[in-house]
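Listed below, chain by chain, are the residues.
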Amino acid sequence: MFVDEAKILVKAGGGGNGCVAFRREKFVPRGGPSGGDGGHGGSIYVEANPNDNTLLRYRYNREFKADRGRHGEGSNCTGHSGEEMVLQVPVGTLVFDEQTGETIADLANPGQRVLVAQGGRGGRGNQHFAKPWHQAPREHEEGHAGEERHLRFELKLLADVGLVGFPNAGKSTLISVISAARPKIANYPFTTLEPNLGVVNADGGTGREGRELGRTFVVADLPGLIEGAHEGAGLGIRFLRHVERTRLLVHLIDTSDASDADPIRSFEIISGELHAFSATLTDKPMIVVATKLDATTDRTRLDALRDFCAQRGLEFHAISAPTGEGVRDLVRSIADALDKIPKPAPDHALDSQADDGSATSGSLHNTHPV
C-alpha cells in the first residue's frame, strides 16, 4: 500500500532524578554527599532511508516514545542515559510540526537526519549542592521531562520527470516500456491509483563489461487527472505534490480514434488543474506527447495539436508505446531537456536544522535501456 501522509506523536524520554546519598564506609577518610546525577532521556530523530518508498509503517503505529534516563545512584554513579530512537522515512519526506505548521525538515538526501524531540536532562545529585557552610545537603534535582510533539509527514517522491494527463492517456504503458517499472495497465479509467517510479537509461548502455551506462533519469507516473480535480473530482490532485520536485513535465494526450476529446481542450484542462494546485507547476518546462499513434488513422486532431504546440513554443512528439514508434526519440529529447535544466539547490535554511551525522550516498538500480 502506498501511503504518502502520516500523523504521529513523538515523546522523548525524561531525565532521571538525581540521587541523595552519603558515604559512610569504614576507612574512607572523606565522607560526605555522594549522590550521582540522573541519566539524560533518549532523543528522537527522523532519518531519510533510501530503501523506503512509503510511510505505511506510520499508518497504524502512531505513538513513539524514547527510553527515559535512569536515576542516579550512590558513590557518585550517574544513571544510564536513555537510548535514542531513530524513525526511518523515505527520501523526499517533509516533516512538519502539526500544531504550529512549522516545517522542521526537508529530508531530500539519503542518510539526512534531524532531531525532532530532545530528551530531558537528568537531575543533579546532592554532591553538587555541597558547600563549606552546608556540608551535608539533602537537596537534589528531579529529571526534566522530554520534549513531546505532534508531527506530520508528507512524502514527495524524488523524480526528474513527471508524467501527467487524463486517465487512459497511456502514461503507465509508456513508463513500462522505457523503464523496469511494472504498473497495472488496463483499458479503463483510473487504472493507476498510486504513483509509480521508473529509472530510464536514455543512451542504451547497461554499465556491464566496462560499457558506459549513459544518461539516466527517474520518471514518475501519476494517477490521471480530470476536469474539476482541484475540487475533488476523480482522485483529486493530492498526488500532484509528487511532481513538485520534478524538473520537467511530460504531458500525454490521447489523439487516437477511440477518443472523442479535443486534444487542445484536454491540454487546457490539465494545465488549468496544474495551475489550480500550484502556480510553480505551470512554470516548469513541458513536453507534449500525442500517444496511441498506432490507433490513429485520422490525423486531423494530431496535426492540430502539433500546430498548437508550435504556436506555444512547446516541444511536441507523437509516439506509440506498444510498437515503440517515436519512443526512443522522446526519451533522448527528455534527457537533452534535463541536461539544460539545472538541478534545484538544497534548502540550506532547513539543512541547518538537520544533524550533520552520517549521510550516505544512495542510488537507484534496475535501469532499463531504451
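Keep in mind it's a predicted model, so treat the numbers as computed, not measured.

Parameters at a glance
Residues numbered from 1 in each chain as written. Predicted model: local features only at pLDDT ≥ 70, side-chain atom pairs only at ≥ 80, totals over all residues. Heavy atoms only, no water. Pairing = 2+ DSSP bridges. Helix = DSSP H or I, 4+ residues; strand = E, 2+ residues; numbered from the N terminus. Axes fitted to C-alpha atoms, helices over the stretch in contact; angles between N-to-C directions. Patch = residues over 30% accessible without salt bridge, like charges linked within 9 Å, V, L, I, M, F, W, Y side chains within 5 Å. Areas by Shrake-Rupley, 256 points an atom, 1.4 Å probe, with all protein chains shown as cover. Salt bridge = Lys/Arg side-chain N within 4 Å of Asp/Glu carboxyl O. Lys, Arg positive; Asp, Glu negative; His and termini not counted. Charge placed at Lys NZ, Arg CZ, Asp CG, Glu CD. Buried < 20%, exposed > 50% of the residue type's maximum accessible area, 1.4 Å probe, protein only. Core = buried A, V, L, I, M, F, W, Y, C linked by side-chain atoms within 4.5 Å. Contact = heavy atoms within 4.5 Å.

1. Considerations on the sheet that holds strand 5 (residues 63–65)
Okay, so step 1: With respect to topology, five strands assemble into an open sheet ordered 5-1-10-7-8, the strand pairing being mixed. A strand with exactly one partner marks an edge of an open sheet, and here the two such strands are strand 5 and strand 8 (103–107). With direction set aside, neighbouring strand axes in the sheet form an average angle of 25°.
Okay, so step 2: Judged from the seven bridges that link them, strand 1 (residues 5–11) and strand 10 (residues 148–155) form a sheet pairing that is antiparallel. Paired with leucine 9 across the bridge in strand 10 is histidine 150.

2. Considerations on a negative patch on the surface
Okay, so step 1: The grouping of Asp257, Asp298, Asp303 and Asp307 at the surface amounts to a negative patch.
Okay, so step 2: Summarising the element assignment, aspartate 257 is placed in the loop between strand 14 (248–254) and helix 3 (263–277).
Okay, so step 3: By relative accessible area, which is 35% here, aspartate 257 ends up partly exposed.

3. What to know about unusual backbone geometry
Okay, so step 1: The phi angle at serine 75 is positive, at roughly 60°, despite the residue not being glycine.
Okay, so step 2: Tracing the chain through its elements places serine 75 in the loop between strand 5 and strand 6 (85–90).
Okay, so step 3: Owing to a relative accessible area of 46%, serine 75 belongs among the partly exposed residues under this scheme.
Okay, so step 4: Of note, the phi angle at asparagine 76 is positive, near 60°, even though the residue is not glycine.
Okay, so step 5: Mapped onto the fold, asparagine 76 is located in the loop between strand 5 and strand 6.

4. Observations concerning the pairing of strand 10
Okay, so step 1: Bridge count between strand 7 (residues 93–97) and strand 10: five bridges; the pairing is antiparallel. Counterpart to threonine 93 in the pairing with strand 10 is leucine 155.

5. Considerations on the nonpolar core
Okay, so step 1: In this structure, Val10, Val46, Tyr58, Val116 and Phe153 are the most contacted members of the largest nonpolar core, which totals 26 residues.
Okay, so step 2: Sorting the residues of this core by element identifies strand 1, strand 4 (44–49), strand 6, strand 8, strand 9 (113–117) and strand 10 as the ones contributing at least two each.
Okay, so step 3: The contacts of phenylalanine 153, once residues within four sequence positions are left out, are Asp4, Glu5, Ala6, Ile8, Val46, Leu55, Tyr58, Val89, Thr93, Leu94 and Val95.
Okay, so step 4: Among the nonpolar cores identified, the runner-up in size contains 24 residues, and Leu174, Ile175, Ile319 and Ala335 belong to it.

6. Section: the environment of lysine 65
Okay, so step 1: Counting through the fold element by element, lysine 65 comes out in strand 5.
Okay, so step 2: The class for lysine 65 is exposed, based on a relative accessible area of 53%.
Okay, so step 3: Lysine 65 sits 52 residues away from glycine 13 along the chain, and the two C-alpha atoms are 6.7 Å apart.
Okay, so step 4: Filtering out sequence-adjacent residues up to four positions away, lysine 65 remains in contact with Lys11 and Met85.

7. Focus on the pattern of salt bridges
Okay, so step 1: Inspection of the entire model under this criterion finds 16 salt bridges.
Okay, so step 2: In this structure, arginine 149 engages aspartate 97 in a salt bridge whose closest nitrogen and oxygen atoms are separated by 3.1 Å. Placement of arginine 149 in strand 10 and of aspartate 97 in strand 7 is noted, with a sequence separation of 52 residues between them.
Okay, so step 3: Given the relative accessible area of 13%, arginine 149 is considered buried.
Okay, so step 4: Judged by relative accessible area, aspartate 97 falls into the buried class, the value being 8%.
Okay, so step 5: One salt bridge in this structure joins glutamate 244 and lysine 156, with 2.8 Å as the shortest N-O distance. Taken together, the residues span a long stretch of sequence, with glutamate 244 in the loop between strand 13 (216–221) and strand 14 and lysine 156 in the loop between strand 10 and strand 11 (161–165) at a distance of 88 residues.
Okay, so step 6: By relative accessible area, glutamate 244 is classed as partly exposed at 25%.

The analysis is restricted to geometry; functional conclusions fall outside its scope.
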